[in-house]
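A structural walkthrough
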Amino acid sequence: MLHIIDARTGDPVPARRGPTRVEAHVPGYDATALRVLLVADVLARALEIGGTPVWSLLSAERDRAELRAGAAALGIRPFEDGRDSGPGAGGPQVIHVVGEGGATPDGVRVAVAAVAGSPEETDPGVLRLALLSRRRGLPVRLDAAAVSEAHDTLVRWRRAVAGWARNPSKPVPEDVRGELRTAWEDDLDVPGVLRVLRRVEASDLPEGARFETYAYADRLLGLELTRDLGTLA
């Protein structure tokens, strides 16, 4: 079961199964706001993988069109308008995703640290991976080194997945599946998921099993790791 740290209390809170509202709170458009929306997206994905129906909403003071366009470019699924949600909308469980030092709504809060640097002129998939590469409570600096590392990793993984797909499919090994779930259910530890993928990449697992592992993890990551299937000569 997914457990997240409530930023109000510092205590872990289990995410109950049942209709859940994930509400992202941002003042306006900037790189930190995009990270808040990305964390909300990954949280919704984690809940859905566990069988929880999710309703994602956006509460923003300004720049709604820019936020929605920026989120779409990053592969973040659409948010409904938080202004139109009633106090009980979405079911009994509400999880608020907020920037550190930002909004303070009542209820469980997931805090997201700031981003330094501009995402301008950065490939959206690369930016998504760069933002996912550090735990959400740690600041991210989008400097040349971080962007270059994310670019090289994403290109390598997409190429590897396309190659592995040419082999007979094999199921995700249960121990690997367990490692992935343990990581993301531990306060949404996405860097932990990425570490598992790096180990699998260098392992001696059958290529068909490596393909299925990456495809499974991408349900959470949303990096389009299978995008290049069929492109290898």
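In short, a report on the structure. Residue positions within a chain follow its written sequence, with the count starting from 1. Under the rules for a predicted model, residues below a pLDDT of 70 receive no local features and side-chain atom pairs below 80 are neither given nor counted, while totals for whole chains, interfaces and linings still include all residues. The side-chain values count all of the structure's non-hydrogen atoms but skip hydrogen atoms and water molecules.

With that settled, consider the packing of helix 6 (residues 190–201) against helix 7 (residues 207–221). Viewed as axis vectors pointing N to C, helix 6 and helix 7 meet at an angle of 165°, and their least axial separation amounts to 11 Å. Classified by the interaxial angle, the pair formed by helix 6 and helix 7 is roughly antiparallel. Judged by the sense of rotation from one axis to the other, the crossing of helix 6 with helix 7 is left-handed. In contact with Val-190, Val-193, Leu-194, Leu-197, Arg-198, Val-200 and Glu-201 of helix 6, helix 7 contributes Arg-210, Thr-213, Tyr-214, Ala-217, Leu-220 and Leu-221. Looking at the contact of helix 6 with helix 7 residue by residue, the classes come out as nine nonpolar, one polar and three charged. Helix axes use the C-alpha atoms of the stretch in contact, all axes being lines fitted to C-alpha atoms, and the angles between their N-to-C directions lie in the range 0 to 180 degrees. Secondary structure elements are defined from DSSP: runs of H or I of at least 4 residues count as helices, runs of E of at least 2 residues count as strands, and each element is numbered from the N terminus. Oblique is the label for every angle not falling under 35 degrees (roughly parallel), over 145 degrees (roughly antiparallel), or within 65 to 115 degrees (roughly perpendicular). Definitions for this section: a left-handed crossing has its near helix turned counterclockwise from the far helix by less than a right angle. A right-handed crossing has that turn clockwise. For this analysis, residues touch if any pair of their heavy atoms sits within 4.5 Å. Three classes are used, and their members are as follows: Ala, Val, Leu, Ile, Met, Phe, Trp, Tyr, Cys and Pro are nonpolar, Asp, Glu, Lys and Arg are charged, and the others, Gly among them, are polar.

The next thing to look at is the environment of Val-161. Relative to the helices and strands, Val-161 resides in helix 4 (residues 144–164). Take Val-161: its relative accessible area is 0%, and that puts it in the buried class. On a C-alpha basis, the gap between Val-161 and Glu-207 in space is 8.7 Å, while along the polypeptide they are 46 residues apart. For Val-161, the residues in contact, after removing those within four places along its chain, are Phe-211, Tyr-214, Leu-225, Thr-226 and Leu-229. Working definition: with a 1.4 Å probe on protein chains only, accessible area under 20% of the residue-type maximum means buried, over 50% means exposed, and in between means partly exposed.

Once that is clear, we can look at the nonpolar core. Ranked by internal contacts, the top residues of the largest apolar core, which has 66 residues, are Leu-43, Val-97, Leu-180 and Leu-221. Sorting elements by how many residues they give to this core places helix 1 (residues 31–49) first, with 13 residues. In this structure, Leu-180 is in contact with Val-193, Val-196, Leu-197, Thr-213, Tyr-216 and Ala-217, ignoring residues within four places of it in sequence. Only buried Ala, Val, Leu, Ile, Met, Phe, Trp, Tyr and Cys residues count toward a nonpolar core, and they belong to the same one when joined by side-chain atoms within 4.5 Å.

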